[in-house]
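Residue-level listing of the chains:
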Amino acid sequence: MQDIHDDPLLSRSVVESVDEWDAPVDSDSALKTTLAYYLHSRWWKYVFIVICFIAIVFVAGYTITVGSMKITIMETYETIWNHICGNIVNDGYDFIVWELRLPRVLAGIIAGAGLAVCGAVMQNTMKNPLADPYTTGVSSGASLGATIAMTATGALFASTDTVVIGAFAFSLIPVGMMVLISKMKDSSPTTMIMAGIGVMYIFNAITTVLMIWADPQQMQAIYRWQVGTLEIVKWENLPIMFAVTLAGVLISLFISGRLNVLATGDESAKAMGINAGRMRVWCLILVGLVSAVIVSFTGLIGFVGLVAPHITRLFIGSDNRFLIPACAVFGSMLLIVADAIGKVILYPNVVQVGVVMSFVGGPIFLLLLLGSRKKMWSA
Amino acid sequence: MRLSVENLEYSYGSAKVLCGINFRVDRPGLTCIIGPNGVGKSTLVKCLDGIYKPSAGRITIGGRDISGIRPRELARLVAFVPVVSGDMFSMTVFDTVMMGRRPHQKLGNASPLDREIVRRTLNMMGIRDLAMRGSDELSAGQHQRMVIARGLAQTPRFLLLDEPTANLDARHQIQVAMTLKDLASRSGMSVIMISHDLNIAARFADTIIMMAPPGVVYASGPPEEVITESSIRDVYGVGCSIVDAGGRPHVILLDPLRFRETR
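Procedures and definitions
- Residues numbered from 1 in each chain as written.
- Chains lettered and ligands numbered in written order.
- Predicted model: local features only at pLDDT ≥ 70, side-chain atom pairs only at ≥ 80, totals over all residues.
- Helix = DSSP H or I, 4+ residues; strand = E, 2+ residues; numbered from the N terminus.
- Rg over C-alpha atoms; globule rule 2.2 N^0.38 Å.
- Buried ≥ 20, exposed ≤ 12 C-beta atoms within 10 Å, placed from the backbone.
- Axes fitted to C-alpha atoms, helices over the stretch in contact; angles between N-to-C directions.
- Parallel < 35°, antiparallel > 145°, perpendicular 65-115°, else oblique.
- Left-handed = near helix turned anticlockwise from the far one by under 90°.
- Contact = placed C-beta atoms within 7 Å.
- Nonpolar A, V, L, I, M, F, W, Y, C, P; charged D, E, K, R; others polar.
- Pairing = 2+ DSSP bridges.
- pLDDT = per-residue confidence, 0-100.
- Domains from an automatic or database assignment.
- Core = buried A, V, L, I, M, F, W, Y, C linked by C-beta atoms within 7 Å.

### Quick notes on the overall build of chain B
Alright, step 1. Within chain B, the regular secondary structure consists of ten helices and twelve strands.
Alright, step 2. The C-alpha atoms of chain B give a radius of gyration of 19 Å, which matches the 18 Å a tight globule of 263 residues would have.
Alright, step 3. Across its three principal axes, chain B shows a C-alpha extent of roughly 60 × 40 × 35 Å.
Alright, step 4. Looking at chain B as a whole, 51% of its 263 residues qualify as buried.

Okay, structure coming up:
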């Protein structure tokens, strides 16, 4: 075998540069610096997560203070702490904070985390920066399923299980469709989104038709639910929301490294030992389940799953090992901030969180997209 | 470790693109697959990595049929570097190259050895100064070298590359080809790459597999045996002159008009 050093046609500079590439790394201070910088850059990602977490605590406290009865933020924390310790000092405050306002905030935190993580997972698995449970029709499917369950049972939330099962079953229709489309040879990310939008319109139309048979009380509830609201969530709804969302976030975190590989393309992913097709199906089913459970309690909240992952990427990059937990806390923060804005902006009237998210999320997204020097995706 | 391809066939629907391919790679070195467009080179390489399942025939590594090898284990044996890597979201070059270590990692945690290997491959591909850059901030050539580095980081026994020099300038074409050859000769890795540059293949390959329509192996062997005026004329339909360049053939293609005159 001919050695490159004996090749008479290669210039000395080229041969030397190859030797330089293969120089012992231990003696290379530049690379050591690179590694140190790499490890250091991770700290900012942890800091971002902690900042979001602290912001959630403060915004949640502030949101609880907003209402017909004025309560200070310190009284809010004190009331919650006293309730947890079983030392209820003021029954009125305890009822307002613990029974009326806290479930709404907790629902916002859970829904924000779940929808944001669902958006991040969908964008990676479908290789589509526009994918989220709303744009792909998953939320609309869940919405239709829940509406059918509600109108069929005759009373809103008469059976939580029925509504969730209905929402999940119908959310699987767009999921299945996306899986089928993704297997088509000439399918593109745009095709999948267009199909999702088509399904969304069909499901929304059916939901509207179903409202004809709903009584006025149901109709009002369904309408409020279609625009996305946190105020109908009660304590008894939170355990299932929390359990499913937590499971979804933890599973997403567990597979976050594989999501990174999947985002490089199916062929690259297969070459790195990942069954891309199977993983995509399981991810979409997971997203369908989490979105269905959230949507069945909060209704259609559209912008969180799309905006939260992109804004988070601007701060900490696209590595899913950090993006998933960061999205969870940022999505929570975003949703309860939107809810807080909705409560105060036209006080004493309340603008539902889904409407606020559309008003606030859209411009923020455009501002960050157009104002940032850093590209969020390279498609 | 031997890679053996026996009577391999592959079809896209009713269109057969590989028709009874047979060859072996049984010692470390650089193997170049050459041939005209649409002859099935990329399809063949994707079959070798288990990305495509052959319609007929079999591929074995170390005597084991690759269809029976689990994807993760196969990824430790064979790495594939695509001609275009469609990264949707930009990650740092370091993290992107680190992905190549996934088949070796338990629970996806990078060990000091993984970091060391990534550092070495970055060094080898001449992109160490770009390690902290986003992959969307790279030029096409730098991106190409990053993707090759990711394949190298898999530390496979067989490294498959689909036109690795496609986006590179003349200097980097030679550097990458030399590095791959050098790596093959020193690490015991078998490198199989597709190339459209006949002179790169002739200069650096230990073995050349020349494919011809309709998806068959026209010739295989050392460059001086495979790259001849007659083989280029038969397979590419182009006339050429072959000159000796330091013991290796060097192809000078003739323009079609002159080719017609010489026939």
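### With respect to the packing of helix α13 (residues 304-316) of chain A against helix α14 (residues 320-344) of chain A
Residue and element names in this part refer to chain A.
Alright, step 1. Remark: α13 packs on α14, axes separated minimally by 9 Å, with the N-to-C direction vectors making an angle of 120 degrees. As judged from the angle between their axes, α13 and α14 are oblique. The crossing of α13 and α14 is right-handed. Contacts from V304, A308, P309, I311, T312, R313 and I316 of α13 reach α14 at F322, L323, A326, C327, F330, G331, L334 and L335.
Alright, step 2. Among the residues making up the contact of α13 with α14, the classes are represented as twelve nonpolar, two polar and one charged.

### Examining the pairing of strand β1 (residues 3-12) of chain B
Residues and elements named next belong to chain B.
Alright, step 1. Judged from the eight bridges that link them, β1 and strand β2 (residues 15-25) form a sheet pairing that is antiparallel. Looking at β2, one finds that Y10 is bridged to L18.
Alright, step 2. Connecting β1 to the next strand, β2, in antiparallel fashion are two residues, including G13 with a positive phi near 65 degrees.
Alright, step 3. In the sheet, β1 pairs with strand β4 (residues 56-61) via five bridges, with the strands oriented antiparallel. The residue of β4 that forms the bridge with E9 is A56.

### Quick notes on unusual backbone geometry
Residue and element names in this part refer to chain B.
Alright, step 1. In this chain, P213 is followed by P214 through a cis amide linkage whose omega measures 5 degrees.
Alright, step 2. Within the element layout of this structure, P214 appears in the loop between β9 (207-212) and β10 (216-221).
Alright, step 3. Backbone geometry places T155, a non-glycine residue, at a positive phi of 40 degrees.
Alright, step 4. Within the secondary structure, T155 is located in the loop between α5 (140-153) and β7 (158-162).
Alright, step 5. In this structure T155 comes out as partly exposed when scored by C-beta crowding, with 18 C-beta atoms within 10 Å.

### Let's talk about the confidence of the model for chain B
Residue and element names in this part refer to chain B.
Alright, step 1. For chain B, per-residue confidence averages 86 on the pLDDT scale, and residues scoring 70 or more make up 95% of the total.
Alright, step 2. No element of chain B has a lower mean pLDDT than helix α10 (residues 256-262), which averages 57, and none a higher one than β9, which averages 93.
Alright, step 3. The ipTM assigned to the predicted complex is 0.82, against a pTM of 0.82.

### What to know about the domain arrangement of chain B
Residues and elements named next belong to chain B.
Alright, step 1. Domain boundaries in chain B define domain 1 (3-227) and domain 2 (228-263).
Alright, step 2. Put simply, the middle of domain 1 and the middle of domain 2, counted by C-alpha atoms, are 28 Å apart.
Alright, step 3. Each side of the interface is counted separately: domain 1 has 14 residues, and domain 2 has ten residues.
Alright, step 4. Secondary-structure elements contributing two or more residues to the side of domain 1 that touches domain 2 are α7 (198-204), β9, β10 and α8 (223-226).
Alright, step 5. Broken down by element, the side of domain 1 that touches domain 2 gets its largest block of residues, four residues, from α7.

### Quick notes on the nonpolar core
Alright, step 1. Judged by nonpolar contacts, the single largest core of 181 residues is most densely connected at A116, V117, V304, C327, F330 and I336 of chain A together with L160 of chain B.
Alright, step 2. Counting residues per element, this core draws most heavily on helix α4 (residues 91-125) of chain A, which supplies 16 residues.
Alright, step 3. With residues up to four places along the chain from it excluded, the contact list for F330 of chain A reads C52, A116, A308, I311 and T312 of chain A.

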